[in-house]
Amino acid sequence: MGSLIFYVVGSIDSVGNLNMFPALLGAVVVNYLFARAVRSVEGKKKKALLALIVIFDAATLVTFKLLGQFVDGSLIPIGISFYTFKMISFQADSYNGKIDSKPLFKDVAAYFCMFPQVVSGPIMRYSDYSDNLELIPGASKSSKEEIFANIEDGLKYFIVGLAMKVLLADHYAMLWKEIGTIGYESISTPFAWIGAVTYSLQLFYDFWGYSLMSSGIAVMLGFPFVVNFDHPYSSASVSEFYRRWHATLGSWFRDYIYIPMGGSRVSAVRIVLDLLVVWLVTGFWHGVTFNFILWGLILFVIIMCERFVVFKLPGVLKAIVGRFNVLVLIPLTWVIFAISNAEMLLNYFKRLFPFFGAGIAVNNNDYIKNLGIYGGLLAVGLVLLIPHVFKFFENHRKNPLIMICLFVLFWFSVYSLTNSAGNPFMYFAF
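The sections below set out a description of the structure shown in this document. (Residues numbered from 1 in each chain as written. Predicted model: local features only at pLDDT ≥ 70, side-chain atom pairs only at ≥ 80, totals over all residues. Heavy atoms only, no water.)

### Structural notes on the overall build of the chain
No. 1: Tallying secondary structure elements over the chain gives 17 helices and 0 strands in all.
No. 2: Over its C-alpha atoms the chain spans a radius of gyration of 23 Å, differing by no more than 12% from the 22 Å that the globule rule assigns to 430 residues.
No. 3: Dimensions of the chain along its principal axes, counting C-alpha atoms only, are 70 × 55 × 50 Å.
No. 4: For the chain, the proportion of its 430 residues judged to be buried stands at 49%.
No. 5: For the chain, restricting intrachain contacts to residue pairs at least 6 apart in sequence, the fraction spanning at least 24 positions comes to 73%.
No. 6: Carbon together with sulfur atoms contributes 69% to the accessible area of the chain, which is approximately 20,100 Å² in total. (Helix = DSSP H or I, 4+ residues; strand = E, 2+ residues; numbered from the N terminus. Rg over C-alpha atoms; globule rule 2.2 N^0.38 Å. Buried < 20%, exposed > 50% of the residue type's maximum accessible area, 1.4 Å probe, protein only. Contact = heavy atoms within 4.5 Å. Areas by Shrake-Rupley, 256 points an atom, 1.4 Å probe, with all protein chains shown as cover.)

### Some words on the environment of Phe 229
No. 1: Mapped onto the fold, Phe 229 is located in the loop between α8 (189–220) and α9 (238–244).
No. 2: As a C-alpha pair, Phe 229 and Phe 204 span 25 residues in sequence and 9.0 Å in three-dimensional space.
No. 3: Excluding residues within four positions of it along the chain, Phe 229 makes contact with Phe 204, Phe 207, Trp 208, Ser 211, Arg 244, Trp 245 and His 246.

### Quick word on the packing of aromatic side chains
No. 1: Summed over the entire model, instances satisfying the criterion amount to 48 aromatic pairs.
No. 2: Between Phe 292 and Phe 337, the ring centres sit 5.1 Å apart and the planes meet at 80 degrees, which makes this aromatic pair edge-to-face. Of the two residues, Phe 292 is situated in helix α12 (residues 290–308) and Phe 337 in helix α13 (residues 315–338); the sequence distance between them amounts to 45 residues. Like Phe 292, the residue Phe 337 is buried in the burial classification.
No. 3: Taking the ring centre of Tyr 111 as reference, the NZ or CZ of Lys 86 above it sits at 4.7 Å. (Phe/Tyr/Trp six-rings, centres within 6.5 Å; stacked < 30°, edge-to-face > 60°. Lys NZ or Arg CZ within 6 Å of the ring centre and 35° of its normal.)

### A few points about a nonpolar patch on the surface
No. 1: A surface patch of nonpolar side chains, about 440 Å² in accessible area, is lined by Val 62, Leu 66, Leu 67, Phe 70 and Val 71.
No. 2: For Phe 70, the position within the fold is in helix α3 (residues 43–70).
No. 3: Residue classification places Phe 70 among the exposed residues on the basis of a relative accessible area of 62%. (Patch = residues over 30% accessible without salt bridge, like charges linked within 9 Å, V, L, I, M, F, W, Y side chains within 5 Å. Salt bridge = Lys/Arg side-chain N within 4 Å of Asp/Glu carboxyl O.)

### Describing the packing of helix α11 (residues 268–286) against α12
No. 1: At their nearest, the axes of α11 and α12 sit 8 Å apart, and the two run at 150 degrees to each other. By the angle class used here, α11 and α12 are roughly antiparallel. Note that α11 runs across α12; the crossing there is right-handed. Across the interface between the two elements, Ala 268, Ile 271, Val 272, Leu 275, Leu 276, Trp 279, Leu 280, Thr 282, Gly 283, Phe 284 and His 286 of α11 pack against Phe 292, Ile 293, Trp 295, Gly 296, Leu 297, Leu 299, Phe 300, Ile 303, Met 304, Arg 307 and Phe 308 of α12.
No. 2: Split by residue class, the contact of α11 with α12 holds 17 nonpolar, 4 polar and 1 charged. (Axes fitted to C-alpha atoms, helices over the stretch in contact; angles between N-to-C directions. Parallel < 35°, antiparallel > 145°, perpendicular 65-115°, else oblique. Left-handed = near helix turned anticlockwise from the far one by under 90°. Nonpolar A, V, L, I, M, F, W, Y, C, P; charged D, E, K, R; others polar.)

### Topic: unusual backbone geometry
No. 1: Backbone geometry places His 231, a non-glycine residue, at a positive phi of 50 degrees.
No. 2: Tracing the chain through its elements places His 231 in the loop between α8 and α9.
No. 3: His 231 gets classed as buried once you look at its relative accessible area, which sits at 6%.
No. 4: Of note in the backbone geometry, His 246 takes a positive phi value of approximately 45 degrees without being a glycine.
No. 5: With respect to the helices, strands and loops of the structure, His 246 is situated in the loop between α9 and α10 (247–258).
No. 6: Overall, the relative accessible area of 2% leaves His 246 in the buried class.

### Some thoughts on the side chain of Thr 84
No. 1: Within the fold, Thr 84 resides in helix α4 (residues 80–95).
No. 2: Among the polar contacts listed, one links the side chain of Thr 84 to the backbone oxygen of Ile 80, at a separation of 2.6 Å.
No. 3: When sequence neighbours within four positions are dropped, the list of residues in contact with Thr 84 reads Asp 57 and Leu 61. (Polar contact = N/O pair within 3.5 Å; in protein donor to acceptor, adjacent residues only side chain to side chain.)

### Some words on α8
No. 1: In this model, α8 (32 residues) spans 46 Å end to end at C-alpha, consistent with the 46 Å of a helix rising 1.5 Å per residue.
No. 2: Gly 222 sits one or two residues past α8 and shows a positive phi near 105 degrees. (Expected span 1.5 Å × (residues − 1).)

### Quick notes on the pattern of salt bridges
No. 1: Throughout the structure, instances matching the rule amount to 9 salt bridges.
No. 2: With its nearest N and O atoms 3.1 Å apart, the salt bridge here joins Lys 156 to Glu 152. Note that Lys 156 and Glu 152 are positioned in helix α7 (residues 144–182) at a spacing of 4 residues, about one turn of the helix.
No. 3: You can call Lys 156 buried: its relative accessible area is 4%.

### Thoughts on the environment of Phe 204
No. 1: Position of Phe 204 relative to the elements: it lies in helix α8.
No. 2: For the pair Phe 204 and His 246, spaced 42 residues apart in the sequence, the C-alpha separation amounts to 9.6 Å.
No. 3: The residues touching Phe 204, leaving out its near neighbours within four places in the chain, are Gly 209, Phe 229, Pro 232, Tyr 233, Trp 245 and Leu 385.

See the structure below:
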């Protein structure tokens, strides 16, 4: 019930009405009833029911995406991309016998609507939820010591995530907005590259920050910490990058689309076709505008090149090309992800690669001014990309000095919030 109230309040804040709530509630009831029906039959009827509910969930998602894009953006229910994928995974796991017991409606509904995750994930599996129900506060098997330990641990992750969002991502957003205000066709080439890095960092710390906050709240409630970002920029290839970036979404695509279509057990041609489907769906999941589809297709091409060319290169050369793909090509693909207007996107790339001869920088030294303002924050963001920095926090988070730093960080974040207009989490749009 608490999660539903949370969702209703969020809906009112976003669009001023409750048109999002019936979509969530209806999907919860339909999916629970179908799961019961699937468990009660066998053979072809069982498979047909599974196919029907998956089609229903997918069609609902597609319909709202199209309505939101071409009719009215307020028609997209908050978090529909995330809770729909939860529902499909629940149906598939139930069909495959991975959910042993017959879950009660209240447990299934609580899993679908779990308030830390219903808006932007991570996409927790039902087994991870159900296996820890006995550990939540108030459960008979949870002691006071465990409850307070979970609250303390979860709060630390929440504070770090809040700081990433408020102190880093929101300030990177200001720099990215400044670039748009100047006009993509009017910025200098160095500033265009700084912009690509800035947006990459903004998206990363915005969503990693949210994931840490969400997982931190889940830990406070007694659930396991869900790793949604595993230091993706330390990856040795784009393929590895997307196993580490938004890891719960990547594993969802692997387990419920790629492997059922044959995975890596089929011919090379089938692998290519299967991965093409995965990346087209990935692009569409993020949005129906051309830039998201283009983004998915370009990543598909890069990953195919890695699989059939780069991974066959000698060790050192393979490592160099892989790191280049992650540190150079990934930021360029994020520019495509960010700009939905085709003409504006083309103008931006013409400034990134000025030998195309389009556009003239209004101020060739624009990057110097903005580096003076934002350079320190960009440096902090780049340093935090190093895995050992965050791992140091994880390994020493019980240290009194770290706890004092977290206390200061929390109130500094609160102060920053009170003096800003506030930026919604970027993945709220998906």
